[in-house]
Structures are given as structure tokens and as C-alpha cells.
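A closer look at the structure
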Amino acid sequence: MVKMKLKTIASGSSGNCYLLETEDGSLLIEAGIPIKQIKKALGFDFSNIQGCLITHEHGDHAKAINDIAKLGIDVYASKGTLKALDCTGHRFIPMTHNKAKIIGDFEVLPFNTEHDVVEPLGFLIRHRNKKILFATDTYYLRYRFNDLTHIAIECNYVKSVMEEGLKDGTINIKRVARTMKSHMSLENLIEFLKVNDLSKVEDIYLLHLSDDNSSIPMIKEEIRKIYQGNLIIAGGD
Ligand SMILES: [Zn+2]
Ligand SMILES: [Zn+2]
């Protein structure tokens with residue numbers, strides 16, 4: 001049986017890094033932590049890594065982008081992201097919305113996401129008969145996807161928890177406004193999941209949870225109502 005697994009090396013606003021593993025090659029997705037940590041998590045063995053995808057230029061996603069290229073791994077991101085990070089050289093390969101690329105044993109289709117940066121991307125990644133959607137740092141997703149077997153998606157905050165924080169003064173109005181226009185709420189995520197066919201989905205990974213404005217029990221309870229398969233909170237329990 002073909003297997004696909006997303007391993008979380010780091011997830012959240014202090015850094016994101018994931019490893020998409022198959023019985024063939026692996027893809028690194030995001031490099032938003034120090035390279036030392038990435039190397040350690042990979043057991044200092046990069047021979048299986050066929051490329052690194054970066055969604056956008058924020059440090060919590062791209063901090064180690066140059067170090068990854070120096071290891072001899074090709075790095076894929078939008079032209080806007082590469083320009084914002086001043087990345088030049090043959091290891092940096094630009095990707096464009098809706099133009100698929102073959103990367104090792106994977107076919108990667110990038111698509112536009114909604115975040116407060118130049119040209120953010122999400123990725124639809126196919127490997128044999130498995131298909132994973134990877135989308136983070138996007139306050140909503142305008143597209144629908146077919147035949148997904150895995151979903152890795154941001155669930156940054158719960159609206160009611162953030163509103164509570166606003167009342168208590170643990171979060172200010174400016175940050176609330178920014179978060180609502182750049183990150184995915186549980187409520188928007190549920191709407192997205194409802195309009196997509198989840199019948200073949202084996203695993204849903206929830207990424208980039210906010211420490212202050214989310215609630216794992218609430219998230220699990222709400223998602224369970226529409227999806228009964230395997231639910232994994234990245235970096236959580
Ligand atoms: Zn982020
Ligand atoms: Zn971001």
C-alpha cells in the first residue's frame with residue numbers, strides 16, 4: 001500500500017517545518033526554524049529529500065531558506081517570495097499559481113492563498129494515488145479540491161477564544177484585525193471542509209495553532225461533527 005505521512009518538526013508562530021514522507025522520496029515543507037534544528041530532526045540525513053517548498057517569506061516559514069539551498073536541496077517558492085527574501089541562484093526555483101511542477105516523485109500544483117505578504121502559495125501535492133493539500137497562513141481558501149487523501153491546513157484561532165482575549169486585554173484590537181485578515185479561524189476552516197469532498201481523506205493535520213487564541217478541545221469537538229477520520233494536531237497531542 002502506498003503511504004503518505006506528514007511529520008511535524010515545528011508548527012506555530014514561532015516556526016514551521018514539516019516533512020512529507022512516502023516510501024519513495026520526501027519533501028521538506030517550510031524552513032522556519034534554525035537549520036540546526038532541521039538537521040537534527042532529519043537525523044543529519046538529507047539524501048531522501050527531493051526538494052523544499054516554502055509558502056511565503058515570513059521568518060516562521062522561511063528562516064533557514066538559504067541554509068537549505070546550501071545543503072544542495074532545491075527550494076521552490078513563488079517569484080514574489082524569492083524576491084522578498086533576496087534569494088538568487090540555481091537552487092531557487094520559482095513557482096506560479098496553477099502551474100504544476102514535477103519534483104522527484106511528487107507532482108506539486110501551487111495555488112494562491114490569502115495572507116499579508118507579496119505572493120503566498122499553498123500546495124496540492126500528488127504522489128502515486130495519494131493527494132495532500134497543504135495550506136497555511138491563509139484566512140480563507142477560495143478553491144475546492146477533489147480526491148484528497150490527506151489535508152494539512154492551518155487552524156490558527158477560534159473566534160470566541162480570540163474575542164474572550166480581547167475582552168480580557170490579552171490581545172489588542174490591532175492584532176485581532178491583522179489575524180482575521182491573515183490567518184485561518186476554526187470557523188472558516190469548517191466552512192472549507194464542508195464544501196470539499198472528505199470521503200477519501202485518511203488524515204487531517206491541523207497546523208499553526210495559536211497558543212493564546214485557540215482551544216484544542218473545542219477544535220476537536222467541532223471538526224469531529226463533520227469528519228470522523230484521523231485528526232492530528234501538529235505539534236500538539
Ligand atoms: Zn506563520
Ligand atoms: Zn505568515
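Please read all numbers here as calculations on a predicted model, not as lab measurements.

Of the positions making up helix α5 (residues 159-168), those classed as buried are Val161, Met162 and Gly165. Buried residues in α5, looked at end-on, bunch into an arc of 100 degrees, giving them a common side. Looking at the buried positions of α5, the neighbouring elements they touch are α6 (173-180) and α8 (216-224). Backbone geometry just downstream of α5 places Gly169 in the positive-phi region, at approximately 80 degrees.

This part is about the pairing of strand β3 (residues 26-29). Burial of β3 is two-sided: the residues Ser26 and Leu28 facing one way and the residues Leu27 and Ile29 facing the other way are all buried. Bridge count between strand β2 (residues 17-22) and β3: 4 bridges; the pairing is antiparallel. By the bridge assignment, Tyr18 is partnered in β3 with Ile29. Once β2 ends, the chain turns through 3 residues before running back antiparallel as β3. Two elements, β3 and strand β4 (residues 49-53), share 3 bridges in a ladder whose sense is parallel. Residue pairing across strands places Leu28 opposite Cys52, the latter belonging to β4.

The next subject is the coordination of the zinc ion (ligand 2). Tetrahedral coordination by four donors sets the ideal angle at the metal to 109.5 degrees; octahedral coordination by six donors sets it to 90 or 180 degrees. All of the protein donors around the zinc ion (ligand 2) are His56 (NE2), His58 (ND1), His115 (NE2) and Asp137 (OD); their distances to the metal are 2.2 to 2.4 Å. Given 4 donor atoms and angles of 93 to 169 degrees at the metal, the environment of the zinc ion (ligand 2) is assigned as irregular. Here the zinc ion (ligand 2) and the zinc ion (ligand 1) are spaced 3.5 Å apart, with Asp137 acting as a shared donor. On the criterion of sequence distance, the pair formed by His56 in the loop between β4 and α2 (59-62) and Asp137 in the loop between β10 (130-135) and β11 (150-154) is long-range, its members being 81 residues apart. Summarising the burial analysis for this pair, His56 and Asp137 share the class buried.

Tracing the sequence through the fold places Thr81 in helix α4 (residues 79-84). Within the structure, Thr81 has its side chain in polar contact with the side chain of Ser78 (distance 2.9 Å). Non-local contacts of Thr81, meaning those with residues more than four positions away in its chain, are made with Ile54, Thr55, His56, Glu57 and Glu119.

Here we take up the packing of helix α7 (residues 186-194) against α8. Where α7 contacts α8, the two axes come as close as 11 Å, and the packing angle between them is 20 degrees. With respect to their mutual orientation, α7 and α8 come out roughly parallel. In this structure, α7 crosses over α8, and the sense of that crossing is right-handed. Contact with α7, carried on its side by Leu186, Leu189, Ile190 and Leu193, involves Met218, Ile219, Glu222 and Ile223 of α8 and no other residues of that element. Residues that form the contact of α7 with α8 fall into these classes: 7 nonpolar, no polar and 1 charged.

Okay, the layout of surface pockets next. Looking at the largest pocket, its volume works out to about 460 Å³. Forming the boundary of the largest pocket are 26 residues, of which Gly12, Ser13, Leu209, Ser210 and Asp211 lie nearest the centre. Element by element, the count of residues in the lining of the largest pocket is highest for α6, at 3 residues. When the residues that make up the lining of the largest pocket are grouped by side-chain class, the tally is 4 nonpolar, 16 polar and 6 charged.

Turning next to the coordination of the zinc ion (ligand 1). Binding of the zinc ion (ligand 1) to the protein goes through Asp60 (OD), His61 (NE2), Asp137 (OD) and His208 (NE2), at separations of 2.2 Å. Sequence positions of the residues that donate to the zinc ion (ligand 1) give the spacing D-H-x75-D-x70-H.

Parameters and conventions
Residues numbered from 1 in each chain as written. Chains lettered and ligands numbered in written order. Predicted model: local features only at pLDDT ≥ 70, side-chain atom pairs only at ≥ 80, totals over all residues. Heavy atoms only, no water. Buried < 20%, exposed > 50% of the residue type's maximum accessible area, 1.4 Å probe, protein only. Helix = DSSP H or I, 4+ residues; strand = E, 2+ residues; numbered from the N terminus. Arc of directions from axis to C-beta. Contact = heavy atoms within 4.5 Å. Pairing = 2+ DSSP bridges. Donors = N, O, S within 2.8 Å, 3.2 Å for Na, K, Ca; no water. Tetrahedral: all angles 85-135°; square planar, octahedral: opposite > 155°, others 65-115°. Polar contact = N/O pair within 3.5 Å; in protein donor to acceptor, adjacent residues only side chain to side chain. Axes fitted to C-alpha atoms, helices over the stretch in contact; angles between N-to-C directions. Parallel < 35°, antiparallel > 145°, perpendicular 65-115°, else oblique. Left-handed = near helix turned anticlockwise from the far one by under 90°. Nonpolar A, V, L, I, M, F, W, Y, C, P; charged D, E, K, R; others polar. 1 Å grid on protein atoms, 1.4 Å probe; cavity = no way out; pocket = protein on both sides within 12 Å on 5 of 7 lines; lining within 4 Å. Points joined across faces, edges and corners; volume = space filled by probe spheres on them.

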